[in-house]
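Remarks on the overall topology
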Amino acid sequence: MSSRGGKQKKGNVTSEQEEEEQPLQAVLVADSFNRRFFPISKDQPRALLPLGNVAMIDYTLEFLTSTGVQETFVFCCWMSNKIKDHLLKSKWCRPTSPNVVHIITSDLYRSLGDVLRDVDAKNLVRNDFILVYGDVVSNIDVSQALQEHRHRRKVDKNISVMTMVFKESSPGHKTRCEEDDVIVAMDSKSKRFSMVTDEFEIRHDLLDCHISICSPQVAELFTDNFDYQTRNDFVRGILVNEEILGNQIHLYVTQDGYGARVSNLQMYDSVSLDMVRRWVYPLTPEANFTDQQGQGCTHSRHNVYRGAEVSLGHGSQMEENVLIGRDTSIGANCHISNSVIGNNCTIGDNVVLDRAHMWNNVHVSSNVEIHQSVVCDGAVVKEAVRLNKQCVLAYNVVIGPNLSLPEGTVVSMHHPEEEEEDDDDEFLSDDQEVGHSKDKTRQKAFNPAEVGPEGKGYIWKASMNDTEDEELAQCLWGLVLNPDPESDSESEASEESQDRTFQLEVLGTLQRGLEENIVCDNLVLEINSLKYAYNITLKEVMQILTRVVLEYPFQQQGTQLTTLQYTGSLLPLLKTWSPVFKNYIKRAQDHLDCLSAVEELFLEQDTHQTAMVKVLMKMYQLEILEEEAILKWFSTGATNDKSRQLRKNQGVMRRMSLWRKESEEDESSEEGECGR
Amino acid sequence: MGSAIEAKTHKNMPGADKEADLTERIEAFLADLKRGGCGTGPIRGSGETARETTALLRKVTAQARWSSAGDLMEIIRKEGRRMTAAQPSETTVGNMVLRVLKIIREEYARSRGSSEETDQQESLHKLLTSGGLSEENFRQHFVHLKANVIEAINELLTELEGTTDNIAMQALEHIHSNEVIMTVGRSRTVEAFLKDAARKRKFHVIVAECAPFCQGHEMATNLSKASIETTVIADAAIFAVMSRVNKVIIGTQTVLANGGLRAVNGTHTVALAARHHSTPLIVCAPMFKLSPQFPNEEDTFHKFVSPHEVLPFTEGEILSKVNVHCPVFDYVPPELITLFISNIGGNAPSYIYRLMSELYHPEDHDL
């Protein structure tokens, strides 16, 4: 048999005989643990949604089987009965299947973490295993990654716990899920996922395939850390504790093959189109890899696939990338492009379909236009309906006639309010739930303005109490994305607050120094230790110091000081602390930085701008600042209108030249510079 | 089911295990065929596929339950249909099924006592009067039929083993000293053919790289290892270089019933350029590549693989704006071909129909 043969060959290469004797195992999580596909996934679990007329879980299983997996554990929770029925009927559960599929169901799984903890509790895996979701479509040959993983584990005794498979694809690729946008830092030599190493690359051109090769320890680690919910939690946890626990995560980056997870409808659209465009070869529609009777179809030019018994009316065109399931009939003068149409559909005359995804038993009347939308099983679209982009018609909805649905409309037979009501029993068995919802549907009337005079269904509004992923406003298509990722703002915020506390500390130090008459050298020592405690650069220390000193009078006597009072109290302070300044301001650049800090402060306190000259003069006299630096700053530093205004301020100019004359040093040349 | 390893250890046990093992083997072979060829052509050569198919069919003959030739043919046909459906572009599989069916017919006829000579001879009279032995006639039971069929299949296997050598042996008749030979892509048969000629003669080989898979590179490496003077050219340079070429020698994936070829992409270009310069085009094709398929069966004729090689997936945004196709095969019409060299000698394209009727029984053409 193929997989066995393949594996044995590999075994000879790596000479890992004792490992090879155990079959390769996989854990397939047939639940997404979120509600991104609601209301569609209310009636059908996500893993069973058809992609190119084949359930998504079949792609995942075929991927696993072709990599040589011999034992797969399928974990289901939401609507587990349906998944079980599907699998029992499929070729995976035939006795000849090279991949033995075990189905494990429980209503208690709420996250990936729960599943893996159960894997550990039941002691299912004995060796390295592949972890995938039930909605991953891939043809990547992971045997290479597996080999690398095993090699690493052999070399450094179980340090590496996980190898994640990434595919190269540049940003902006349509199959890159925007929510999944990852920036990966890795050690360039060992391909280690890393926080800090000597030599590392940062990559933004990787697509997370959501395929991971895990060591058995992964399950144990999930058990040990019961707060791990998702794989992200796990990765974060491992990286943070890398030095303590010594576990590492590695990457496998591939250029060949295809791998993507259908995590929202945007991805569904892309992956479906990629499949029709044969990126996932050999998992193409005409290959009929699920071995189901009557599923075969033919492939002809421009990627047009036709199932058995398809009829096409006169003048209808299937332009490109079209997949039509069996027993579907299409009327006259239709234009179909980039679409997938399921089995047993009927389509009327003069219909335009572009990027439409129609599942089974859909009825579309004449003169209908559908753009980039999903139409689920049993839906009926009546005459002259127009579905604009990103509409979703869930199961058994009726729309029309004569209606145009605005962009992004989701119509479902489930009333949106019932969502909250059966929040509690969402994890109960599905038949109960269906009975529930049917009762309710009958009670509420349909709104003809929303779904048309003969329509059936309710506009589905995303519930706002969605706690699973707050920052993604729950959106089927997954287009709404926070412009700036959370992590960025977080780190900035923390940095800012750090600066702030440092400033307060410096202020405290100076205050104490003044009160207790501490020698300036000791103040410098204290500030230096603060610098290390808060991990702040020398430049920042100096700027903050300048700021603290200049703000000191305000701090002590309130902000309602007149300019005269301000200078009066500040100048002696400057004199007292001049050694501190001198300690930090040494190089020419330091002078400029200090000046810019002074400028910044006086820009904020614009009522006291006139005091600036006095301050600068004092600092010059105390030899904190050099004249050259001041002049340089004066001539070049104007960066914006306000600062220019500050400099052009008559008073400033005059006083400047005044004190410069007082200083009696080579005026003439600098006057010229000043005037420029 | 018994796990894979178990099944292997019980291989020699009789009865149900045997049958389970057989179906498992067939399933594995089918799965292999479906996944076969991830773009760069089949992982195994078609010769290997042919041998594997024949070996599997021998196993079916030996292990399946059948009592008469008719039953056996029905079983083989059923499996054959599944095998050909698994990978329609891999015609060798279908060809081998037809060969085995033909063997069964012959062995049955021999057991019945009618001489093969009369059966083989075709005359206008015979064509008009009867269609040969019809299905009902295969119901008779013969004790030695099974052994005979297996023996004949073994002979077929031996023939398959020797095909490449047989073709290579003819190399010296076709390649002369100081000739410039052009070939395209990589063909195991052509490689063996050229290497054989290189033992005695010195000549120069120009290899068209055959983008996007660029198997030509591998071919050139292998040839130069055998110390043959080799040049790799881009596909665009084929016409420009053709004027210097004395002979074009290519391999093929399938020889079609009309004498045309289904060969790797770029072969048509080479054939047209050769015709323009009146350069002889020689095709090295073992007999098992001869298929009763005609080129008009368009649905299964082509094979499109992942466009990755043409425009990498990493390209990003551009991919959503363009359609990329990556076909694998070219059709080369028979009038562009000068000579076929098979394991049984050289033949003109116009003679293919005759070989076809010798190898396959006309009633089996569609399984």
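Residues numbered from 1 in each chain as written. Chains lettered and ligands numbered in written order. Predicted model: local features only at pLDDT ≥ 70, side-chain atom pairs only at ≥ 80, totals over all residues. Heavy atoms only, no water.

Per the secondary structure count, chain B includes 15 helices and 10 strands. Out of the 367 residues belonging to chain B, those deemed buried represent 52%. Sequence-distant contacts in chain B: of pairs separated by 6 or more residues, those separated by 24 or more amount to 79%. When the accessible surface of chain B is summed, it comes to about 16,300 Å², and 52% of that surface belongs to carbon and sulfur atoms. (Helix = DSSP H or I, 4+ residues; strand = E, 2+ residues; numbered from the N terminus. Buried < 20%, exposed > 50% of the residue type's maximum accessible area, 1.4 Å probe, protein only. Contact = heavy atoms within 4.5 Å. Areas by Shrake-Rupley, 256 points an atom, 1.4 Å probe, with all protein chains shown as cover.)

The step from Gly400(A) to Pro401(A) runs through a cis peptide bond, and the omega angle for that step is 0°. Looking at the element boundaries, Pro401(A) is found in the loop between β30 (398-399) and β31 (403-405). A cis amide bond links Ala211(B) with the next residue in sequence, Pro212(B), at an omega value of 0°. Along the polypeptide, Pro212(B) turns up in the loop between β2 (204-208) and α11 (215-225). Despite not being glycine, Asn321(A) shows a phi value in the positive range, around 50°. Tracing the chain through its elements places Asn321(A) in the loop between β18 (317-318) and β19 (322-324). One non-glycine residue, Asn333(A), lies in positive phi territory at about 55°.

Once that is clear, we can look at the sheet that holds strand β25 (residues 363-364) of chain A. If you trace the six strands from one edge of the open sheet to the other, you get β17-β20-β23-β25-β27-β30 (chain A), paired in parallel fashion. Each end of this open sheet is capped by a strand with a single partner; those strands are β17 (311-312) and β30 of chain A. (Pairing = 2+ DSSP bridges.)

Counting residues in hydrophobic clusters, the biggest one holds 68 residues, and the most contacted among them are Ile57(A), Ile130(A) and Phe234(A). With sequence-adjacent residues up to four places away left out, Phe234(A) is seen in contact with Val161(A), Met162(A), Val218(A), Leu221(A), Phe222(A), Tyr228(A) and Ile249(A). (Core = buried A, V, L, I, M, F, W, Y, C linked by side-chain atoms within 4.5 Å.)

A complete count under the given rule lists 11 aromatic pairs over all chains for this structure. Consider the rings of Phe446(A) and Tyr458(A), whose centres lie 5.2 Å apart with planes at 40°: the pair is tilted. Here Phe446(A), found in the loop between α12 (430-443) and α13 (448-451), pairs with Tyr458(A), found in strand β33 (residues 458-459); they are 12 residues apart in sequence, far enough to count as distant. Ring plane angle 70° and centroid distance 5.6 Å describe the contact between Tyr108(B) and Phe142(B), whose orientation is recorded as edge-to-face. Taken together, the residues span a long stretch of sequence, with Tyr108(B) in helix α5 (residues 91-112) and Phe142(B) in the loop between α7 (124-129) and α8 (145-169) at a distance of 34 residues. Take Phe142(B): its relative accessible area is 19%, and that puts it in the buried class. Through a chain of ring-to-ring contacts, the aromatic side chains of Phe222(A), Tyr228(A) and Phe234(A) assemble into a single cluster. Here the basic side chain of Arg261(A) rests over the ring of Tyr133(A), its NZ or CZ set 3.7 Å away from the ring centre. Taking the ring centre of Phe329(B) as reference, the NZ or CZ of Arg262(B) above it sits at 5.0 Å. (Phe/Tyr/Trp six-rings, centres within 6.5 Å; stacked < 30°, edge-to-face > 60°. Lys NZ or Arg CZ within 6 Å of the ring centre and 35° of its normal.)

A word on the interface of chain B and chain A. Across the contact, 35 residues belong to chain B and 41 residues belong to chain A. Around 3,400 Å² of area is buried between chain B and chain A when both sides are counted, 56% of it from carbon and sulfur atoms. Summed over the shared surface of chain B and chain A, the number is zero salt bridges. Linking chain B to chain A there are six residue pairs in polar contact (both at pLDDT 80 or more). Going through the elements one at a time, α1 (4-9) and α2 (16-35) of chain B are the ones with two or more residues in the side of chain B that touches chain A. The greatest single-element share of the side of chain B that touches chain A, amounting to seven residues, is contributed by α2(B). Residues belonging to the side of chain B that touches chain A are distributed by class as follows: 13 nonpolar, 12 polar and 10 charged. (Buried area = accessible area lost by both parts, 1.4 Å probe. Salt bridge = Lys/Arg side-chain N within 4 Å of Asp/Glu carboxyl O. Polar contact = N/O pair within 3.5 Å; in protein donor to acceptor, adjacent residues only side chain to side chain. Nonpolar A, V, L, I, M, F, W, Y, C, P; charged D, E, K, R; others polar.)

Describing two packed helices takes the angle between their axes plus the distance from one axis to the other. All names here are of chain A. The geometry of helix α18 (residues 588-604) relative to helix α19 (residues 609-621) is characterised by a closest axis approach of 10 Å and an angle of 155° between their N-to-C directions. Our classification of the angle between α18 and α19 gives roughly antiparallel. Judged by the twist between their axes, the crossing of α18 over α19 is right-handed. Contacts from Cys 594, Leu 595, Val 598, Glu 599 and Phe 602 in α18 reach Gln 609, Ala 611, Met 612, Val 615, Leu 616 and Met 619 in α19. (Axes fitted to C-alpha atoms, helices over the stretch in contact; angles between N-to-C directions. Parallel < 35°, antiparallel > 145°, perpendicular 65-115°, else oblique. Left-handed = near helix turned anticlockwise from the far one by under 90°.)

On to helix α8 (residues 231-240) of chain A, then. Looking only at α8(A), the buried set comprises Arg231(A), Phe234(A), Val235(A), Gly237(A), Ile238(A) and Leu239(A). Two or three places before Asn232(A), at the opening of α8(A), Thr230(A) has a side-chain oxygen 3.3 Å from that residue's backbone nitrogen.

All names here are of chain A. Averaged over all residues, the pLDDT of chain A equals 76, while 78% of them reach at least 70. For chain A, the element scoring lowest by mean pLDDT is helix α1 (residues 2-14), at 39; strand β23 (residues 346-347) scores highest, at 94. Contacts from residues 1-19, a stretch scored under 50 in pLDDT, to residues over four places away or in other chains number 33 contacts. Below pLDDT 50 for its whole length, residues 664-676 participates in 13 contacts with residues either more than four positions away or in separate chains. (pLDDT = per-residue confidence, 0-100.)

What follows covers the pairing of strand β6 (residues 129-133) of chain A. Look at any regular strand and the pattern is simple: side chains alternate between the two faces of the sheet. Residue and element names in this part refer to chain A. Most of β6 is tucked away: five of the five residues are buried. Here β6 shows two buried faces, one formed by Phe 129, Leu 131 and Tyr 133 and the other by Ile 130 and Val 132. Looking at chain direction, strand β1 (residues 25-29) and β6 are connected through five bridges and run parallel. Along β6, the bridge assignment pairs Ala 26 with Ile 130.

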